[in-house]
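A structural walkthrough
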Amino acid sequence: MEDLKIEDVNLEISENLERHRTDGFSSSEVLVVRRGAPIRISLQLEGRAFNPKTDYLKVQVILGRMYVAMPVTFSKKVSYTRWKAYIDRESLDLQKPSVFISSPASASVGCHTFKMYAITRGSNKKSCASGKFTLLCNPWCCADVVYIPFEDQREEYIQNDSGLLFIGTAMTPVSRPWSFDQFEPGVLEACLQLLKVSPQHQTNKRMDYLNRKNPVYIGRVVSAMINSEDDRGVLKGKWSGDFKEGVNPSLWTGSGDILTQWAESGFKPVKYGQCWVFAAVMCTVMRVLGIPSRVVTNFNSAHDTNDNLVIEEFYSETGQKLNRSKDSIWNFHVWVECWMTRRDLGSGLDGWQVLDPTPQERSGGVFCCGPAPVKAVKDRRIDLLYDIPFMYATVSADVHSVILSKGQVVNYSKDTERVGSLICTKAISFPRLQNITGDYKYIKSPTSTISSRSSRMSEDSTLHRGSSRGVLVVLSLDQTPVSGEPVCFTVKVTNKQSVAKMMKIHLNAQAKEYNNSPSDTFWESHGVVKLGPMEVKVIQQQITKVEYEDVVGDDLINLAVVLEDLNSQELVLASEEFNIASPQLIIQMTNEESVVPGKEQTASVTFTNPFSHMVSGALTVAGAGLIQGKVHFRMPPLRPGGSVKQRITFIPRKVGAKMLQASLALSNINTTIRGFQMVSVCRA
């Protein structure tokens, strides 16, 4: 009898991509599938047909130098714990038989090779054909430790290739559009290379491949590899000085450019990143690898360098914030949450885990952080892995505010509510903020005792107050500050005693980057207030746009008031930090009703100048699945109040809800104007 010969194998790309929900990776040269689900492979035979009575097939799957071999059976019963290969008798085509290869739900992530052997009874010859597939985690498989139960969660945290990052302050959060780009050309390959370039893989390839079944291990590897402090990581961080040798972190609009630049450069760190860039790129990598991920912002984020859960802030007697402490509070800090089962920690700690790729402190000797179960952070389970004490301090440290005069402490107050005052992420399916503060900390009821220094009267309150034995001072913004308009605020002073008081009042405003101490004072006001017994006085103040717009740009404002009792020399402080809401770019589609792949579409981007002087800049338009790469335009000088409209054309490539985003980097002030529009691309 003639030996059975395999001429080639057909990986049934379209069918397998659809079955494994990986059709976004259709541009990859290698079939992309998810573990715990079968892959159908058709055999192209040379010569005679397959005879089940005399022929048998065997499959070998290889990862690195490890392999597993299995016979091809006629039993469709698969196991989530071991590899299995089978033929479906009911649909068997003897001329072109199909073999299903099913991986365990705990198989290692990476690029696998398979070899298909055909053997005829009585012959010692083997016919062989081979192919490759990339195996990812599978959040649709209930036996996978990254399984997340609801389809809208999987769509948001795995499939969504765009999103919003939140920056600014808890009082006035700002949404920043971001393209995660996980399905863009070259991104999948860069993410797989990241695992191979890691020190763990370079040191012991076999152990790395074995450990890649575990998302806890993958998370720590990726967290360390996103920054370049210890290895050939993706991003170089920079938080001060100029960015002439690279890209200003504020100008990045998506992860794809960063990851592909890193891979194409031979794994040289991309310059530069800051916390939201580190986190967004890590989110992309984890989504590519099949691990549900989201970007989280912690407003008023503490960096406690001495582990005492206390952050100290120092002010002068005229309200100027001083740079005196190694501890710091960032107005916001951004990290990643990944969804997984924590079998290493026991029950009750599954679900969202914090992973922070921004290099702040070492964990196990390496600049990485997590995964720390969010539930463990909330309950201060500092006995568990990984990095829970650091994360607990980040969201729950106390703030001690100190007024100094001639080097001496003249006033001290404590705030237990400010740190972690708002923790948020993008809502599922909608472009808006979701408040998840209650996942990280126990929220005190509105009737609870408030600290002497500050109180947030409602979720949107702009109130900060300070109190001494004799005086209460309240500092509040009249409305959310908007670019091009004055910053209007109110100082309310209450005499708590039945004697008249003469008070000095000092008001001070400083520009401040989100992660640094403020710069020099750019606006101040001083005066005297006379208070009758038990009198309440309200003082209205404003900072004009001319006074702030050339100084602040994309920075924040630290506003403080200090009152000094001329009789008792008591001082009392109230302060607030806020950002100026930037104008938005307006993006409009010409025809939203007929957006389909392969058909040219037209949109317009409009900008109106709110500033008191002429501006010019560079406009960048991008959109994962809509525009290949980026489109750049030069905006000529535009007078105050003037508008400009830029027409753009593009050809959508992928179906689904896609984000068209634009950013305008102004050349004469430190400001980038942004806007986005969701575009629904339907099947033709």
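Residues numbered from 1 in each chain as written. Predicted model: local features only at pLDDT ≥ 70, side-chain atom pairs only at ≥ 80, totals over all residues. Heavy atoms only, no water.

- Looking up the chain in an unreviewed UniProt entry gives the name protein-glutamine gamma-glutamyltransferase, with the organism given as Champsocephalus esox.
- UniProt annotates the chain under Cofactor (unreviewed entry) with the comment "Ca(2+)".
- What UniProt states about the chain under its Sequence similarities (unreviewed entry) heading is, verbatim, "Belongs to the transglutaminase superfamily. Transglutaminase family." (UniProt positions renumbered as here; feature names shortened; annotations may be inferred.)

**Some remarks on the sheet that holds strand 37 (residues 630–638)**
- Pairing in this open sheet of 4 strands is antiparallel, and the strands run 37-36-39-40 from one edge to the other. Edge strands, defined here as strands with exactly one partner in the open sheet, are strand 37 and strand 40 (672–681). Shown here is a sheet whose adjacent strand axes are inclined to one another by a mean of 20°, direction ignored.
- Two strands pair when backbone bridges link them, and strand 36 (residues 615–622) and strand 37 are joined in this way by 7 bridges, in the antiparallel orientation. Of the residues in strand 37, the one forming a bridge with G617 is M635. (Pairing = 2+ DSSP bridges. Helix = DSSP H or I, 4+ residues; strand = E, 2+ residues; numbered from the N terminus. Axes fitted to C-alpha atoms, helices over the stretch in contact; angles between N-to-C directions.)

**Brief notes about the packing of helix 7 (residues 255–264) against helix 8 (residues 275–288)**
- Contact geometry for helix 7 and helix 8: axes closest at 9 Å, N-to-C directions at 80°. By the angle between their axes, helix 7 is roughly perpendicular relative to helix 8. Listed contacts from helix 8 to S255, I258 and L259 of helix 7 are V277, A280, V281, T284 and V285.
- Tallied by class, residues from the contact of helix 7 with helix 8 come to 6 nonpolar, 2 polar and no charged. (Parallel < 35°, antiparallel > 145°, perpendicular 65-115°, else oblique. Contact = heavy atoms within 4.5 Å. Nonpolar A, V, L, I, M, F, W, Y, C, P; charged D, E, K, R; others polar.)

**Some points on the pattern of salt bridges**
- On inspection of all chains with the given rule, the structure shows 25 salt bridges.
- A salt bridge links K271 to E245; the nearest nitrogen and oxygen atoms lie 3.4 Å apart. Linking K271 in strand 13 (residues 270–273) with E245 in the loop between strand 12 (235–237) and helix 7, this pair joins segments that are 26 residues apart in sequence.
- The partly exposed category is assigned to K271, whose relative accessible area is 32%.
- Put simply, E313, K321, R418, K512 and E577 are held in one network by salt bridges that share partners. (Salt bridge = Lys/Arg side-chain N within 4 Å of Asp/Glu carboxyl O. Buried < 20%, exposed > 50% of the residue type's maximum accessible area, 1.4 Å probe, protein only.)

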